[in-house]
Amino acid sequence: MLRRRRKDVRVMIGIESLAFYTPEQYLDLKTLAAERNVPADKYVHGIGQERMAVLPPDEDIVTMGAAAARHAVEGIDISTIDTLMFATESGIDQSKAAAIYVHQLLGLPANCRSFEIKQACCGSTAALQMALALVAQNPAKRVLIVASDEARYGLNTPGEPTQGAGAIAMVISTTPRLIVFDPESGSYTEDVMDFWRPNYLDEALVDGKFSIQVYMKALEESWNEYQRVSGRGYQDCDYFCFHLPFTKMAGKANRVLARIGGASRTDEDSILASHVDSLHYNRLTGNSYTASLYVGLSSLLENSPGNLTGRRIGLFSYGSGCMASFFSGVVCEDYQRYLQGDRHHAMLERRHELTYEQYKALYCHRLPTDGSEYVIERTSSGPFRLAGIRDHKRIYESNPAAVEHVSAPSRHEVAV
Ligand code: CAA
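The structure reproduced in this document is the subject of the present report.

Each value, and the rule that gives it
- Residues numbered from 1 in each chain as written.
- Predicted model: local features only at pLDDT ≥ 70, side-chain atom pairs only at ≥ 80, totals over all residues.
- Heavy atoms only, no water.
- Helix = DSSP H or I, 4+ residues; strand = E, 2+ residues; numbered from the N terminus.
- Rg over C-alpha atoms; globule rule 2.2 N^0.38 Å.
- Buried < 20%, exposed > 50% of the residue type's maximum accessible area, 1.4 Å probe, protein only.
- Areas by Shrake-Rupley, 256 points an atom, 1.4 Å probe, with all protein chains shown as cover.
- Polar contact = N/O pair within 3.5 Å; in protein donor to acceptor, adjacent residues only side chain to side chain.
- Contact = heavy atoms within 4.5 Å.
- Pairing = 2+ DSSP bridges.
- Axes fitted to C-alpha atoms, helices over the stretch in contact; angles between N-to-C directions.
- Core = buried A, V, L, I, M, F, W, Y, C linked by side-chain atoms within 4.5 Å.
- Patch = residues over 30% accessible without salt bridge, like charges linked within 9 Å, V, L, I, M, F, W, Y side chains within 5 Å.
- Salt bridge = Lys/Arg side-chain N within 4 Å of Asp/Glu carboxyl O.
- Lys, Arg positive; Asp, Glu negative; His and termini not counted.
- Charge placed at Lys NZ, Arg CZ, Asp CG, Glu CD.
- Near = heavy atom within 4 Å.
- 1 Å grid on protein atoms, 1.4 Å probe; cavity = no way out; pocket = protein on both sides within 12 Å on 5 of 7 lines; lining within 4 Å.
- Sits in = over half its atoms within 2 Å of the grid points.

Some points on the overall build of the protein
- When its secondary structure is counted, the protein shows twelve helices and 17 strands.
- For 416 residues, the compact-globule estimate of 2.2 N^0.38 gives 22 Å, and the C-alpha radius of gyration of the protein, at 21 Å, lies within 12% of that figure.
- Along the first, second and third principal axes, the C-alpha atoms of the protein reach 75 × 50 × 45 Å.
- A buried classification covers 58% of the 416 residues belonging to the protein.
- When the accessible surface of the protein is split by element, carbon and sulfur atoms take 49% of a total near 18100 Å².

Points about helix α11 (residues 341–349)
- Across the nine residues that make up α11, a large majority, seven, are buried.
- Along α11, the positions that sit buried rather than exposed are Gly-341, Arg-343, His-344, His-345, Ala-346, Met-347 and Leu-348.

Observations regarding the side chain of Ser-17
- Mapping Ser-17 onto the fold places it in strand β1 (residues 14–21).
- By relative accessible area, which is 3% here, Ser-17 ends up buried.
- Of the polar contacts made by the side chain of Ser-17, one reaches the backbone oxygen of Ala-72; its length is 2.5 Å.
- Apart from the residues lying within four places of it in its own chain, the contact partners of Ser-17 are Ala-72, Ile-76, Ala-169, Met-170, Val-171, Arg-177 and Leu-178.

Some words on the sheet that holds strand β15 (residues 374–375)
- The strand order across the open sheet built from three strands is β15-β16-β17, with neighbouring strands paired in antiparallel fashion. Since the sheet does not close on itself, it has two edges, and those belong to β15 and β17 (393–398), each with one partner.
- In terms of strand pairing, strand β16 (residues 384–390) meets β17 through six bridges, oriented antiparallel. Note that in β17 the partner of Gly-388 across the bridge is Ile-395.
- Here helix α3 (residues 61–72) sits on the sheet in contact with β16 and β17, set at roughly 150° to β16.

A look at the nonpolar core
- Counting residues in hydrophobic clusters, the biggest one holds 77 residues, and the most contacted among them are Leu-144, Ile-172, Leu-297 and Ile-313.
- Broken down by element, this core gets its largest block of residues, eight residues, from α3.
- Ile-172 has contacts with Ile-13, Gly-14, Ile-15, Leu-128, Ala-131, Leu-132, Val-135, Lys-141, Arg-142, Val-143 and Ile-145, leaving out every residue within four places of it along the chain.

Brief notes about the sheet that holds strand β14 (residues 352–353)
- Pairing within the open sheet is mixed, and its three strands lie in the order β3-β2-β14. What marks the edges here is a single partner per strand, and that holds for β3 (51–53) and β14.
- Taken together, the two bridges between strand β2 (residues 25–28) and β14 define a ladder with parallel strand orientation. Note that in β14 the partner of Gln-25 across the bridge is His-352.
- Sheet strands touched by helix α1 (residues 29–36): β2, β3 and β14. Its angle to β2, the strand with the most contacts, is close to 50°.

As for a positive patch on the surface
- Positive charge collects at one region of the surface, where Lys-42, Lys-209, Lys-248 and Lys-252 lie side by side.
- Relative to the helices and strands, Lys-248 resides in helix α7 (residues 248–260).
- Assessed through its relative accessible area of 35%, Lys-248 is described here as partly exposed.

Examining the site of the ligand
- The environment of the ligand is made up of 24 residues, and the closest members are Lys-42, Pro-158, Ser-211, His-243 and Lys-252.
- In the model, an oxygen atom of the ligand is placed 2.8 Å from a nitrogen or oxygen of the Pro-158 main chain.
- Thr-162 places a side-chain nitrogen or oxygen 3.4 Å from a nitrogen atom of the ligand.
- Isolated, the ligand exposes 1100 Å² of accessible area, and the fraction of that covered by the protein chains is 71%.
- When atom positions are compared with the pocket grids, the ligand is found to occupy the second largest pocket.
- Put simply, the parts of the chain that give the shell around the ligand at least two residues each are α2 (40–46) and α6 (208–230).
- Element by element, the count of residues in the shell around the ligand is highest for α6, at four residues.

A look at the pattern of salt bridges
- This model, assessed by the stated rule, comprises 22 salt bridges.
- Between Arg-385 and Asp-58 there is a salt bridge, and its shortest N-O distance comes to 2.9 Å. Placement of the pair is Arg-385 in strand β16 and Asp-58 in the loop between β3 and α3, with a sequence separation of 327 residues. You'll find Arg-385 and Asp-58 in the same group, each marked buried.
- Put simply, Arg-390 and Glu-373 hold a salt bridge, and the shortest N to O gap is 3.4 Å. Residue Arg-390 is found in strand β16, and its partner Glu-373 is found in the loop between α12 (356–364) and β15; the two are separated by 17 residues along the sequence.
- The structure contains a network of salt bridges with shared partners spanning Arg-152, Asp-202, Glu-203 and Arg-366.

See below:
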């Protein structure tokens, strides 16, 4: 009997929607520089940061993640969301996943599995790679990925100006509207102590200069693997998004990539042009660990003046400790119709500036650890808030004072 040859039809899988959220208050890095007796140029130009987002007491990774996710699932049939993965390195519980709270706040169906995933800033990309496999297996299903973090270092440490906070949410499906992922990726893992946070600390420990060296090594190794499996070179990517602990990192990384990837043009202008639009949002939010790479992707898609349809974007995800991945995707036709840029610009424009004293008070604020009843005053105007603690349980609620960001202000111009 003649067996019919199975046709090798590859399902297109990618990002159907992408939204990000950052809290509504920030510290200007010039204020921090003055307080630390450091030239402001070091923060603004040396590390490439203008502002850092600061969480109010009634927001955390859950409220930020749910706020982003609410917009990512707009217009999507939530009964098709099969899985919710929550990536973070600012976990609020050793056992219960932050995903479960988001599942409840969004009213997702009970048959949607929900769990947390961790490997420093790369946890979101590990979630994405798992989502691609899940959707390939069940093409009718969607996966919702939430990545949410507060980047915290010690006061008056070199890491302090690279703090920040934010979340992204993206829906992965066989009906991508923004990016279709290439099947190839290159990963790299090595046991190193460049950045970590023991359970008993609220802020990360970091060997700053060493962490940059490890980031670069992981970039080279994962790029080499990506190039080996895909056969693509530097010129095959039109744009790049890098994990952004601070925005100057992108230039350092892109220069290395241009050299090892065999770029035909290695002048500063050409290199800058291929990543500069990915930096706008991160300059204003600071590091958001797991969310950072995808905040950069959102910035690139929403702030590039040209039409990116059909352009390939190379993405580099780095998680200290360390694990890294280089992968790529191609921008979908009509992607501009599905972007949330107006909302993101409105959210960033609406934020208010903190004084140094207000920042320090918020930095030092701690939730009780004895389980005693604690009611948190309403300060956030995000869609969800942490209302308090009772019997060691966090209480979340929809925020009656929530402000919708729908208007489209002028684009926030920033120097890079
Ligand atoms: N005007 C302009 N530029 C100036 C300047 C001035 N007045 N003064 C200094 N600079 C420049 C320096 O030349 C330097 O530039 P290059 O890197 O291009 O040489 C830059 O400003 C930073 O100066 P320093 O290296 O002296 O800064 P530092 O020692 O105070 O700390 C840091 C920098 C190591 C990044 C520190 O902020 C830090 O530890 N951050 C946290 C760790 C981190 O972000 N690591 C990144 C890799 S790990 C990762 O990616 C995972 C993650 O999310 C954490």
